[in-house]
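Tertiary structure, described
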Amino acid sequence: VMIEGNKLAAGRYALFTIPGKSEWTIIFNKKKDMNSAFGYKKEEDALRVKVKPLSNANNESMEFWFSDITINSCTINLMWEKLHIPFKVTTETDTKVMAIINDSLKANPNKVSLLRQAAGYTVTSGLHLDNGLEWINKAISIKSEYRSFWTKAQVLAKMGKYNDAVDAANKTLDLGKDDKDFAEMKPNVEKNLAEYKAKANK
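Residues numbered from 1 in each chain as written. Predicted model: local features only at pLDDT ≥ 70, side-chain atom pairs only at ≥ 80, totals over all residues. Heavy atoms only, no water.

1. Side note on helix α5 (residues 162–176)
- Across its 15 residues, α5 extends 21 Å between first and last C-alpha, which sits within 8% of the 21 Å expected from 1.5 Å per residue.
- For α5, every residue scored as buried is listed here: Ala165, Val166, Ala168, Ala169, Thr172, Leu173 and Gly176.
- Here the buried face of α5 lies against α4 (146–158) and α6 (186–200). (Helix = DSSP H or I, 4+ residues; strand = E, 2+ residues; numbered from the N terminus. Expected span 1.5 Å × (residues − 1). Buried < 20%, exposed > 50% of the residue type's maximum accessible area, 1.4 Å probe, protein only. Contact = heavy atoms within 4.5 Å.)

See below:
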């Protein structure tokens, strides 16, 4: 991962901080089993980064929490008393997933379930939606299934193409009506269809 733009190798670390009025140092130390600062050695640091402290409403207990979560990044926040110390973590999740998808589709270019899963990733991530639409259209051209039309509806909605998403969701309901396995997902399809219709009419 990258911490504030600096590479940190995979592993387990002890976390230390050096407080300052206008700048804090966040330390990742290789000696992971320490339960206090006693025994700390600077030469065992894997990474040090500088961050700016923020003010905060009074917080009695020390807390660590995650915010700004995306497919590739998040912010880790240290809160204690009137201080808020955030630092950003990034990783190449999307690059790795897309490499797996492209390799898998190269090996199995006409596998419907794989095409649908690949398109589903674009819905989840909000990335590569043009690829997602291409993949799900190919899946539908090979075999017309309600699961594929529902994935298509979600891709189109993510792209802001709500009229087309309505059509795909209606096709989902039509193809799924006689399938006993569809009953479980039907309420979710109907709920989202209503949202797509409302947005299509704006």
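2. Comments concerning the sheet that holds strand β6 (residues 54–67)
- If you trace the four strands from one edge of the open sheet to the other, you get β2-β1-β7-β6, paired in antiparallel fashion. Only two strands of the sheet have a single neighbouring strand rather than two, namely β2 (6–7) and β6.
- As paired strands, β6 and strand β7 (residues 73–90) are joined by eight bridges and run antiparallel to one another. Pairing of Phe66 across the sheet is with Ile76, part of β7. (Pairing = 2+ DSSP bridges.)

3. Focus on the packing of aromatic side chains
- The final tally for this structure, using the stated rule, is six aromatic pairs.
- Ring centres of Tyr146 and Phe182 lie 4.9 Å apart, and the angle between their planes is 70 degrees; this geometry places the pair in the edge-to-face category. Of this pair, Tyr146 sits in helix α4 while Phe182 is found in the loop between α5 and α6, placing the two residues 36 residues apart along the sequence. As far as burial versus exposure is concerned, Tyr146 and Phe182 are alike and both buried.
- Feature note: the residues Tyr13, Phe28 and Phe87 constitute an aromatic cluster, connected by ring pairs.
- When the ring centre of Phe149 is taken as reference, the NZ or CZ atom of Lys171 above it lies at 5.9 Å. (Phe/Tyr/Trp six-rings, centres within 6.5 Å; stacked < 30°, edge-to-face > 60°. Lys NZ or Arg CZ within 6 Å of the ring centre and 35° of its normal.)

4. A few points about unusual backbone geometry
- One non-glycine residue, Asp68, adopts positive backbone phi at about 50 degrees.
- Take Asp68: it is sitting in the loop between β6 and β7.
- The exposed category is assigned to Asp68, whose relative accessible area is 56%.
- One non-glycine residue, His128, adopts positive backbone phi at about 55 degrees.
- Its place among the elements puts His128 in the loop between α2 (112–125) and α3 (129–142).

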